[in-house]
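A structural walkthrough
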Amino acid sequence: MSLNYIKNFYEGCLRPPTVIGQFHTLFFGSVRMFFLGVLGFAVYGNEALHFSCEPDKREVNLFCYNQFRPITPQVFWALQLVTVLVPGAVFHLYAACKSIDQEDILQKPVYTVSYIISVLLRIILEVVAFWLQSHLFGFQVNPIFMCDAGSLDKKYDLTRCMVPEHFEKTIFLIAMYTFTVITIILCVAEIFEILCRRLGFLNNE
């Protein structure tokens, strides 16, 4: 009985009420997280170990790497994924407490507006993440990073550092930008789908 309850809870409350929303969940949950978890670790996992500067000293390498990466891309993207999930999780928790099903979301205005607000919040968070990513990492990873190590030791001044696997990181960076754009488009399309269903242009079935 408990399995049936979980199954009904998932199908009635956790599954998005629209086709585009369900595709977004599949895309977000499967492709994006797999890409970040598996390929992200392969590309960025040993970056700090292979980041080398002139002179090649441990304290210089660590100092310049912290300057090069104020926050590691894996941590940033993991925080982005968790943050974007929050609006939907809050709505689904509210839906579970109120026993709201998919038909209620599409038929009752108060639930429709609440769900659209959660989707709009996801869009806003994705846009903010896109802006932060562009300021933190740019759109291309250069093979050489000029580090200002003067505060560490005056004799070093500008230090030249080698960024490992810069081409792979550039490809991965573009892919993460692409994923963000795709999820924003899917969220916008989901809002249009809901509005079309409310206006009777699409069959709610």
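Quick caveat: nothing in here was measured; it's all calculated off a predicted structure. (Residues numbered from 1 in each chain as written. Predicted model: local features only at pLDDT ≥ 70, side-chain atom pairs only at ≥ 80, totals over all residues. Heavy atoms only, no water.)

1. Digging into the UniProt feature "transmembrane region" (unreviewed entry) in the protein chain
- Residues given the UniProt feature "transmembrane region" (unreviewed entry) here are residues 25-44, 75-97, 109-132 and 171-192.
- End C-alpha to end C-alpha, residues 109-132 measures 34 Å, and it is 100% helix and 0% strand.
- Helix and strand shares over residues 171-192 are 100% and 0% respectively, and the end C-alpha atoms of the span are 32 Å apart. (UniProt positions renumbered as here; feature names shortened; annotations may be inferred. Helix = DSSP H or I, 4+ residues; strand = E, 2+ residues; numbered from the N terminus.)

2. Regarding a nonpolar patch on the surface
- A cluster of nonpolar residues, Val113, Ile117, Leu121, Ile124, Val128, Trp131, Leu132 and Leu136, forms a patch on the protein surface that exposes about 690 Å² of accessible area.
- Looking at Leu132, the relative accessible area reads 32%, which means it is partly exposed. (Patch = residues over 30% accessible without salt bridge, like charges linked within 9 Å, V, L, I, M, F, W, Y side chains within 5 Å. Areas by Shrake-Rupley, 256 points an atom, 1.4 Å probe, with all protein chains shown as cover. Salt bridge = Lys/Arg side-chain N within 4 Å of Asp/Glu carboxyl O. Buried < 20%, exposed > 50% of the residue type's maximum accessible area, 1.4 Å probe, protein only.)

3. Some thoughts on the pairing of strand β3 (residues 158-162)
- Only one face of β3 is buried: it carries Thr159 and Cys161, and the other face, with Leu158, Arg160 and Met162, is open.
- Pairing analysis gives two bridges linking strand β1 (residues 52-53) to β3, with the strands arranged antiparallel. Across the sheet, the residue bridging to Cys53 is Cys161, located in β3.
- Where strand β2 (residues 144-148) lies against β3, five bridges are found, and the strand directions are antiparallel. Following the sheet pairing, Asp148 is matched in β3 by Leu158. (Pairing = 2+ DSSP bridges.)

4. Notes on the state of the cysteines
- Inspection of the entire model under this criterion finds two disulfides.
- Between the sulfur atoms of Cys53 and its disulfide partner Cys161 the distance amounts to 2.1 Å. Of note, the bridge from Cys53 to Cys161 carries an S-S torsion of about 105° and is right-handed in sense. On the criterion of sequence distance, the pair formed by Cys53 in strand β1 and Cys161 in strand β3 is long-range, its members being 108 residues apart.
- Between the sulfur of Cys64 and that of Cys147 lies a disulfide, 2.2 Å long from S to S. Between Cys64 and Cys147 the sulfur-sulfur dihedral comes to about -85°; the bridge is accordingly left-handed. Of this pair, Cys64 sits in helix α4 (residues 58-68) while Cys147 sits in strand β2, and the two are 83 residues apart along the sequence. Taken individually, Cys64 and Cys147 each receive the classification buried, so the pair is uniform in this respect.
- The connectivity of the disulfide-linked cysteines in the protein chain, indexed sequentially, is 1-4, 2-3. (Disulfide = S-S within 2.5 Å.)

5. Here's the deal with the packing of aromatic side chains
- This structure, assessed with the given rule, holds twelve aromatic pairs.
- Ring centres of Trp77 and Phe172 lie 5.4 Å apart, and the angle between their planes is 50°; on these two criteria the pair is classed as tilted. One end of the pair, Trp77, is in helix α5 (residues 73-98); the other, Phe172, is in helix α8 (residues 166-198), and 95 residues separate them in sequence. As far as the burial class goes, Trp77 and Phe172 line up, both buried.
- Chaining the aromatic ring pairs together yields one cluster made of Tyr44, Phe76, Trp77, Phe137 and Phe172.
- Positioned above the aromatic ring of Tyr44 is the side chain of Lys169, whose terminal nitrogen or guanidinium carbon lies 5.5 Å from the ring centre. (Phe/Tyr/Trp six-rings, centres within 6.5 Å; stacked < 30°, edge-to-face > 60°. Lys NZ or Arg CZ within 6 Å of the ring centre and 35° of its normal.)

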